[in-house]
Amino acid sequence: QVQLVESGGGLVQAGGSLRLSCAASVRTFRNYAMGWFRQAPGKEREFVATSWNGGITYYSDSVKGRFTISRDNAKKTVYLQMNSLKPEDTAVYYCAAATSFGSGSSQDEYDYWGQGTQVTVSS
């Protein structure tokens, strides 16, 4: 089985920073493309960022320049560094893993999902 566990969420003020972590219980972490998605109350889950094992990253326009996705294959962990946080970033953030990779921005590409971690940004 594959298990993804997110951590690092919390309450921060606008302009602050937060780092999310996603630990993957897999045998060969480097074989997976990893992504971050988020879901705000009353909204659909949306793409945030993705990281290919080859070093390629991609971000949604709303977080580009503020968020950074990175991964440590040895630790089997993917991170999302969030800077200059805005109230509109408030959402439950989900980690996902894909064994096959397309654009990286579609939920359908991902095979495994974590339970999410809450991020709340106050004004």
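Everything below is about the structure shown above.
A brief report on the enclosed structure follows. (Residues numbered from 1 in each chain as written. Predicted model: local features only at pLDDT ≥ 70, side-chain atom pairs only at ≥ 80, totals over all residues. Heavy atoms only, no water.)

As a further point, take the overall build of the protein chain. Helix and strand counts for the protein chain come out as 0 helices and 11 strands. Radius of gyration (C-alpha) of the protein chain: 13 Å, near the 14 Å computed for a compact globule of 123 residues. Overall, the C-alpha framework of the protein chain stretches about 40 × 25 × 25 Å when taken along its three principal axes. Long-range contacts, defined as pairs at least 24 residues apart, comprise 59% of the intrachain contacts of the protein chain with a sequence gap of at least 6. Accessible surface computed for the protein chain: about 6,400 Å², of which carbon and sulfur atoms make up 44%. (Helix = DSSP H or I, 4+ residues; strand = E, 2+ residues; numbered from the N terminus. Rg over C-alpha atoms; globule rule 2.2 N^0.38 Å. Contact = heavy atoms within 4.5 Å. Areas by Shrake-Rupley, 256 points an atom, 1.4 Å probe, with all protein chains shown as cover.)

Bringing the layout of surface pockets into the picture now. By volume, the largest pocket amounts to about 190 Å³. Forming the walls of the largest pocket are Arg38, Ala40, Lys43, Glu44, Glu46, Ser62, Arg66, Lys86, Glu88, Asp89, Thr90 and Ala91. Residues belonging to the lining of the largest pocket are distributed by class as follows: 2 nonpolar, 2 polar and 8 charged. (1 Å grid on protein atoms, 1.4 Å probe; cavity = no way out; pocket = protein on both sides within 12 Å on 5 of 7 lines; lining within 4 Å. Points joined across faces, edges and corners; volume = space filled by probe spheres on them. Nonpolar A, V, L, I, M, F, W, Y, C, P; charged D, E, K, R; others polar.)

Once that is clear, we can look at the pairing of strand E3 (residues 18-25). Where strand E1 (residues 3-7) lies against E3, 5 bridges are found, and the strand directions are antiparallel. Bridged to Leu4 within E3 is Ala24. Note: E3 against strand E8 (residues 77-82), 6 bridges, orientation antiparallel. Looking across to E8, one finds that Leu20 is bridged to Leu80. (Pairing = 2+ DSSP bridges.)

To continue, consider the sheet that holds E1. Pairing is antiparallel across the open sheet formed by 4 strands, whose spatial order is E1-E3-E8-E7. Either end of the sheet is taken by a strand with one partner, and the two such strands are E1 and strand E7 (67-72). Direction aside, the axes of adjacent strands within the sheet are offset by 15 degrees on average. (Axes fitted to C-alpha atoms, helices over the stretch in contact; angles between N-to-C directions.)

Now for the packing of aromatic side chains. Evaluated as defined, the whole model comprises 6 aromatic pairs. Ring centres of Phe37 and Phe47 lie 5.7 Å apart, and the angle between their planes is 75 degrees; this geometry places the pair in the edge-to-face category. Taken as a pair, Phe37 in strand E4 (residues 33-39) and Phe47 in strand E5 (residues 46-51) lie far apart in primary sequence, 10 residues in all. Each member of the pair, Phe37 as well as Phe47, carries the same accessibility label: buried. Between Phe47 and Tyr58, the aromatic rings sit 5.6 Å apart at their centres with planes inclined by 20 degrees, giving stacked as the arrangement. Taken together, the residues span a long stretch of sequence, with Phe47 in strand E5 and Tyr58 in strand E6 (residues 57-59) at a distance of 11 residues. Here Phe47 falls in the buried class, since its relative accessible area comes to 10%. (Phe/Tyr/Trp six-rings, centres within 6.5 Å; stacked < 30°, edge-to-face > 60°. Buried < 20%, exposed > 50% of the residue type's maximum accessible area, 1.4 Å probe, protein only.)

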